[in-house]
Amino acid sequence: MSLEDKLNQAKGALKEGLGKVTGDSKTEAEGAVEKTVAKAKEVVEDAKGAVEGAVEGLKNSFKKEED
């Protein structure tokens, strides 16, 4: 989970809120898209980290069996 993704989520949420308050549907939609894209990147990074951790665990498991 990167700080950049969190900041982009917040920025998108603010932009979406501003669009709602001002009645600007284009700004609201842009903010929603920015927020969703940042969240998706965060989810992908988390999944990548989990897979890498599982692979390392398996590697360590096999090393212990060899010793």
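Note that this is a predicted model, so its numbers are computed, not measured. (Residues numbered from 1 in each chain as written. Predicted model: local features only at pLDDT ≥ 70, side-chain atom pairs only at ≥ 80, totals over all residues. Heavy atoms only, no water.)

Look at the UniProt record and you will see "domain: CsbD-like" (unreviewed entry) annotated at residues 3-52. Across residues 3-52, helical content stands at 96% and strand content at 0%; the span's end C-alpha atoms are separated by 20 Å. (UniProt positions renumbered as here; feature names shortened; annotations may be inferred. Helix = DSSP H or I, 4+ residues; strand = E, 2+ residues; numbered from the N terminus.)

Checked against the element boundaries, L14 lands in helix α1 (residues 3-22). Taking the C-alpha atoms as reference points, L14 and E42, 28 residues apart in sequence, are found 18 Å from one another.

Throughout the structure, instances matching the rule amount to six salt bridges. Linking K15 and E34 is a salt bridge whose minimum nitrogen-to-oxygen distance equals 3.0 Å. Of this pair, K15 sits in helix α1 while E34 is found in helix α2 (residues 25-66), placing the two residues 19 residues apart along the sequence. By relative accessible area, which is 25% here, E34 ends up partly exposed. A salt bridge links K39 to E42; the nearest nitrogen and oxygen atoms lie 3.4 Å apart. Of the two residues, K39 and E42 are both situated in helix α2; the distance of three residues between them amounts to about one turn of the helix. Each of K6, K39 and E42 takes part in a single network of salt bridges with overlapping partners. (Salt bridge = Lys/Arg side-chain N within 4 Å of Asp/Glu carboxyl O. Buried < 20%, exposed > 50% of the residue type's maximum accessible area, 1.4 Å probe, protein only.)

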